[in-house]
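Observations on the model geometry
Residues per chain, in single letters:
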Amino acid sequence: MIGAEELLGLYERMALIRRTEKAAHDLFMAGLVKGTTHLAAGHEAVAVGASAALRDDDYVFATYRGHHHAMARGASAEECLAELMSKATGVCGAKGGSMHLTKASSGMLGSYAIVGAHLPMAAGAAWSAKLRGSGQVAVAFFGDGATNIGAFHEALNLAAVWSLPVVFVCENNLYMEYTPIGTVTAVANPAADRASAYGLDGEVIDGNDVVVVAEAVGRAAARARAGDGPSIIEARTYRHYGHSRADPARYRPAEEVERWLKHDPLDLARARLEALGVPDAKVLEADERVRAAVDAAVAAAEDAPGPDPAEAFTDVWADGGAAWRT
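In every chain, residue numbers begin from 1 and rise along the written sequence. Since the coordinates come from a predicted model, pLDDT governs what is reported: local features require at least 70, and pairs of side-chain atoms require 80 or more to be given and counted, while whole-chain, interface and lining totals use all residues. Calculated side-chain values reflect all of the structure's heavy atoms, with hydrogen atoms and water omitted.

1. Details of the overall build of the protein
Quick reminder of the rule: Working definition: helices are DSSP H or I runs of at least four residues, strands are E runs of at least two. Numbering for both runs from the N terminus. Computation of the radius of gyration draws on C-alpha atoms, with the globule rule given as 2.2 Å multiplied by the number of residues to the power 0.38. We call a residue buried when its accessible area falls under 20% of the maximum for its residue type, exposed when it is over 50%, and partly exposed in between, using a 1.4 Å probe and counting protein chains only. For this analysis, residues touch if any pair of their heavy atoms sits within 4.5 Å. Neither His nor the chain termini are counted; the positive set is Lys and Arg, and the negative set is Asp and Glu. Here the site of a charge means NZ on Lys, CZ on Arg, CG on Asp, or CD on Glu.
Helix and strand counts for the protein stand at 10 helices and 8 strands. Taken against the 2.2 N^0.38 rule, which gives 20 Å for 326 residues, the C-alpha radius of gyration of the protein at 19 Å falls within 12% of a compact globule. Over its C-alpha atoms, taken along the principal directions, the protein stretches across nearly 60 × 55 × 40 Å. In the protein, buried positions account for 51% of the 326 residues. In the protein, once contacts between residues fewer than 6 apart in sequence are set aside, the share between residues at least 24 apart is 75%. Charge separation in the protein, taken as the distance between the mean sites of 30 positive and 42 negative side-chain charges, equals 2 Å.

Shown next as structure tokens:
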């Protein structure tokens, strides 16, 4: 059961992610973030709720829309913004950029730009945990579009056959890039409705309610640790921005956007806090801490040095360099 203080902490984490995403958007528009970004504003409850249910040593794998997962697992706003701005202080030392935020020291084993590619990797991490008897769980987050990729089915099949401690969490935001998932998928729930083919239970949840997410992932993680194998959770959510910063998202019906914006993860958390008797002043204090933290993160990232070209070929091989290959 999530109490008032814990929920306030989860709210503050979501608010920090939301404001950091807004800062990333503004920096991109100012020309300070190169390439593109895939913002996760609107998805915060999935990452924060799931992380609240996991141990510190559990493994997390995310997609190119992974800023919220990196921050939920401990990456700071400054580390993420500096990475987006190609600074040496970035979470990956300017080698990952927006689509590859990774913090292995916190169990965040990467964001992956190839759709579905990380699902078998999560199964591999779970297999390692099972062989070692560590009690760790691997969690793979993926979009609805990945459910029509072969790697999704391969990973589910092996995870079920080997009874691996892995949880598959689909962030179903209704669109695979620009295409409504329902127009190209034979079932209504693209992840959960496929579960029975692998002898698994599929659960559809409100992915915008951080408490609902935490409880669902907590149940799935407990089953995995007990040796009862994998689970599939389909979390219904919605992105506030387009697919990427190059996408104005005009293909989405205005009434649909309005309906989902009224079901905002932060608003739902505030309503829960109010029901638990948390004073508005405490929520406002959290918001102010978030504002100050992100303002400081932006300033620090802007002032940070660029990467040292001499570091370009480090962190590539296990020994830190490629000399042994030649």
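2. As for the nonpolar core
The cut-off we apply is this: What we call a nonpolar core is a set of buried Ala, Val, Leu, Ile, Met, Phe, Trp, Tyr and Cys residues that are connected through their side-chain atoms within 4.5 Å.
Among the nonpolar cores identified, the biggest contains 49 residues, and Y11, M14, V48, L81, V210 and L273 are the most heavily contacted of them. When contributions to this core are tallied by element, the ones reaching two or more residues are α1 (4-29), α2 (44-52), α3 (67-72), α4 (77-84), α7 (210-225), α9 (265-275) and α10 (280-303). The element that contributes the greatest number of residues to this core is α1, accounting for 12 residues. Those residues within four positions of Y11 in sequence are excluded, and the remaining contacts are L266, A269, R270, L273, V283, A286 and D287. Counting 25 residues, the second largest nonpolar core, distinct from the first, contains Y59, A123, A140 and A159.

3. Regarding α1
Put simply, the rule reads: Expected helix span is taken as 1.5 Å per residue step, with the number of steps being one fewer than the number of residues.
Its 26 residues give α1 an end-to-end C-alpha distance of 37 Å, which sits within 8% of 38 Å, the value for a rise of 1.5 Å per residue. Following α1 by one or two positions, G31 has its phi on the positive side, about 80°.

4. Things to note about the pattern of salt bridges
What counts, and what does not: We define a salt bridge as a contact between a side-chain nitrogen of Lys or Arg and a carboxyl oxygen of Asp or Glu at a distance within 4 Å.
Under the counting rule described, the total for this entry stands at 15 salt bridges. We note a salt bridge from R272 to D209, for which the minimum N-O separation is 3.0 Å. Taken together, the positions of R272 in helix α9 and D209 in the loop between β7 (202-206) and α7 put the pair 63 residues apart, joining distant regions of the chain. We classify R272 as partly exposed; its relative accessible area is 33%. Among the ionic pairs, E258 bridges to K262, the shortest N-O distance being 3.4 Å. Several salt bridges converge on common partners, so that one network encompasses R18, E44 and D264.

5. Thoughts on the environment of A88
Considering the arrangement of structural elements, one finds A88 in the loop between α4 and β2 (108-112). The sequence separation of A88 and P305 amounts to 217 residues, and the corresponding C-alpha distance is 5.9 Å. In this structure, A88 is in contact with G93, P305, G306 and P307, ignoring residues within four places of it in sequence.

6. Remarks on the packing of α1 against α4
What counts, and what does not: Whenever a helix is involved, its axis is fitted only over the stretch in contact; in every case the axis is a line through C-alpha atoms, and angles between N-to-C directions fall within 0 to 180 degrees. The cut-offs work like this: below 35 degrees is roughly parallel, past 145 is roughly antiparallel, 65 to 115 is roughly perpendicular, and the gaps in between are oblique. Note on convention: the crossing is left-handed when the near helix lies turned anticlockwise from the far helix by less than a right angle, right-handed when the turn is clockwise. Under the grouping applied here, Gly and all other residues not named as nonpolar or charged are polar, the nonpolar ones being Ala, Val, Leu, Ile, Met, Phe, Trp, Tyr, Cys and Pro and the charged ones Asp, Glu, Lys and Arg.
At a closest axis distance of 11 Å, the pairing of α1 and α4 adopts a crossing angle of 20°. As judged from the angle between their axes, α1 and α4 are roughly parallel. Like other packed secondary-structure pairs, α1 and α4 cross with a definite hand, here right-handed. Along its contact with α1, which presents L16, T20, A23, A24 and L27, the element α4 presents A77, L81 and L84. Classifying every residue of the contact of α1 with α4 by side-chain character gives 7 nonpolar, 1 polar and no charged.

7. Comments concerning the pairing of β2
Note the threshold: Should DSSP find at least two bridges between two strands, the strands are regarded as paired.
Judged by how many residues are buried, β2 sits mostly within the fold: 4 of 5 residues are covered. Sheet topology places strand β1 (residues 59-63) next to β2; 3 bridges connect them, and they run parallel. Within β2, the position partnered with A62 by the bridge is S111.

8. Details of the sheet that holds β2
Read from one edge of the open sheet, 6 strands run β2-β1-β3-β4-β8-β7, paired in parallel fashion. Two strands lie at the open edges of the sheet, namely β2 and β7, each paired on one side alone. Within the sheet, the average angular offset between the axes of one strand and its neighbour, ignoring direction, is 20°. Relative to strand β8 (residues 231-236), strand β4 (residues 166-172) runs parallel, the two sharing 6 bridges. Bridged to V167 within β8 is S231.

9. Focus: the side chain of R73
Counted only if it meets this: Polar contacts, as used here, are pairs of N or O atoms within 3.5 Å; protein pairs need one atom able to donate a hydrogen and one able to accept it. Residues neighboring in sequence count only if both atoms are side-chain atoms.
Residue position: R73 is located in the loop between α3 and α4. Of the side chains bearing the opposite charge, D56 lies closest to the buried R73, which forms no salt bridge; the N-O distance is 5.4 Å. At 3.0 Å, the side chain of R73 and the side chain of S51 are in polar contact.

10. Describing the side chain of R252
Considering the arrangement of structural elements, one finds R252 in the loop between β8 and α8 (254-261). Notably, R252 is buried but unbridged: the nearest opposite-charge side chain belongs to E256, and the N-O separation is 5.2 Å. Within the local environment of R252, its side chain forms a polar contact with the backbone oxygen of R239, the two atoms lying 2.7 Å apart. Setting aside anything within four residues of it in sequence, one finds R252 in contact with Y175, Y238, R239, H240, Y241 and V257.

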